[in-house]
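# Structure at a glance
Listed below, chain by chain, are the residues.
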Amino acid sequence: MVPEGGEHDRPAGGLTQREHRPQRAYEVTETSAALALVAAGLGIAVLPDSVRSAPREGVLCKDIEDALPVPLALAWRADDASPLLRNLLKVLEQNDVFLEGPEGVA
């Protein structure tokens, strides 16, 4: 099970290179839905490491060696004039966090 769409469609750590093929595949749009299916005993899921911040009873998480990175994006309201936001963007820009300038794409 993997969340549907985007970067999650790529296999993690060579899982599809082995002879293991699922008998049934579920596609979900939410990480929480994937975790619910795992907790219900309906399989395994490849999920972002952030799932560890909200542990679910009966679900174990293990790191996958050589997993592909998952690109992230920062989003904010275009008309947000908050000094805190401006300071955050400045710090991130100074640390070369963005692939492009902090002005973003609308």
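A brief report on the enclosed structure follows. (Residues numbered from 1 in each chain as written. Predicted model: local features only at pLDDT ≥ 70, side-chain atom pairs only at ≥ 80, totals over all residues. Heavy atoms only, no water.)

### As for unusual backbone geometry
The residue Asp66 is not glycine, and still its phi comes out positive at about 60°. With respect to the element layout, Asp66 can be found in the loop between α1 (31-39) and α2 (83-94). (Helix = DSSP H or I, 4+ residues; strand = E, 2+ residues; numbered from the N terminus.)

### A look at α1
If you check which residues of α1 are buried, you get Ala34, Leu35, Leu37 and Val38. Relative to the axis of α1, the buried residues are bounded by an arc of 160° and lie together on one face. On its buried face, α1 sits against β2 (27-28). Within two residues after α1, Gly41 carries a phi angle of roughly 85°, on the positive side. (Buried < 20%, exposed > 50% of the residue type's maximum accessible area, 1.4 Å probe, protein only. Arc of directions from axis to C-beta. Contact = heavy atoms within 4.5 Å.)

### Observations concerning α2
When the terminal C-alpha atoms of α2 are compared, their 16 Å separation across 12 residues agrees well with the 16 Å that a helix rising 1.5 Å per residue should span. Within the span of α2, buried status applies to Leu85, Leu89 and Leu92. Buried residues along α2 cover an arc of 65° about the axis, so they all sit on one side. Those residues of α2 that are exposed and aimed more than 90 degrees away from the buried face are Pro83, Leu84, Lys90 and Gln94. Looking at where α2 begins, the residue whose side-chain oxygen comes 3.2 Å from the main-chain nitrogen of Leu84 is Ser82. (Expected span 1.5 Å × (residues − 1). Polar contact = N/O pair within 3.5 Å; in protein donor to acceptor, adjacent residues only side chain to side chain.)

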